[in-house]
Amino acid sequence: LMTPNHESYLDPFAISAVLPWQQLRELYWAGWAGLLFRGPFTRLFSRVFQVLPVDPERGLTSTLALGRAVLERGHPLAWFPEGGRSTDGRLQPFLPGVALLLERTGVPAVPVWIEGTFEAWPPGQRLPRPHPVSMRIGPPVTLADLEPDGDEGDRHRRIAERLREKVAQLAPQDAAPSARSAA
């Protein structure tokens with residue numbers, strides 16, 4: 001389960017640019033249904049590129065069921081745990097659904113930090129502009145690695161927060177706004 005930060009609509013393209021063809025062919029994506037399934041062209045695009053619809057209106061259960069099915073069939077899945085693009089370039093809190101997915105499938109999470117896509121195509125800008133983009137892929141972490149200490153609070157939310165910390169650790173120390181947390 002790839003768990004990248006989400007700065008821009010360019011993030012999937014950045015990930016695709018660094019993966020070997022065989023891995024990319026097997027990879028599924030979680031994508032917002034409101035954008036990627038709203039018309040015939042976007043539905044075709046989503047089908048060709050193996051995008052699973054994430055629809056906040058339908059609830060978490062159906063989205064997690066699709067993600068779980070993909071992972072249980074042995075396919076990798078790119079899942080943006082922030083639940084949407086950052087509006088300010090900062091790493092947003094991770095939603096607890098990623099913890100449920102890890103818990104129910106037993107797969108490891110692969111933290112991914114993407115840098116520069118926010119500057120290349122921030123929300124509200126019509127088209128992307130040239131800007132350097134870099135990516136760091138961290139070592140896989142298991143649910144056991146992310147288990148919170150103690151028993152206070154929402155366990156799934158705390159697991160998601162620990163995964164968020166793993167992603168944030170991949171940011172360069174001198175990074176621009178996107179490395180700053182918005183927790």
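Only a predicted model underlies this, so the values are computations on that prediction, with no experimental measurement involved. (Residues numbered from 1 in each chain as written. Predicted model: local features only at pLDDT ≥ 70, side-chain atom pairs only at ≥ 80, totals over all residues. Heavy atoms only, no water.)

*Asks:* Help me get a handle on the nonpolar core, residues and values and all.
*Replies:* Formed by 27 residues in total, the largest nonpolar core has its most connected members in L1, L77, W79, L101, L102 and L163. If you list the elements that add at least two residues to this core, you get α5 (60-72), α6 (97-105), α8 (143-146) and α9 (155-168). With five residues, the top contributor of residues to this core is α6. L1 has contacts with L71, L77, W79, V98, L101, L102, V107, P108, A109 and V110, leaving out every residue within four places of it along the chain. Counting twelve residues, the second-largest nonpolar core is a separate cluster that includes M2, A14, V112 and I114. (Core = buried A, V, L, I, M, F, W, Y, C linked by side-chain atoms within 4.5 Å. Buried < 20%, exposed > 50% of the residue type's maximum accessible area, 1.4 Å probe, protein only. Helix = DSSP H or I, 4+ residues; strand = E, 2+ residues; numbered from the N terminus. Contact = heavy atoms within 4.5 Å.)

*Asks:* Describe the pattern of salt bridges, and please don't skip the residues or the numbers.
*Replies:* Counting across every chain of the model gives six salt bridges. Here D88 and R90 are joined by a salt bridge, their closest N and O atoms 4.0 Å apart. You can call D88 partly exposed: its relative accessible area is 34%. On the basis of relative accessible area, R90 is assigned to the partly exposed category, the value being 31%. In this structure, E103 engages R155 in a salt bridge whose closest nitrogen and oxygen atoms are separated by 2.4 Å. One end of the pair, E103, is in helix α6; the other, R155, is in helix α9, and 52 residues separate them in sequence. Of the residues examined, R155 reaches a relative accessible area of 30% and is grouped as partly exposed. What emerges from the salt-bridge pattern is a single network uniting E103, E147 and R155. (Salt bridge = Lys/Arg side-chain N within 4 Å of Asp/Glu carboxyl O.)

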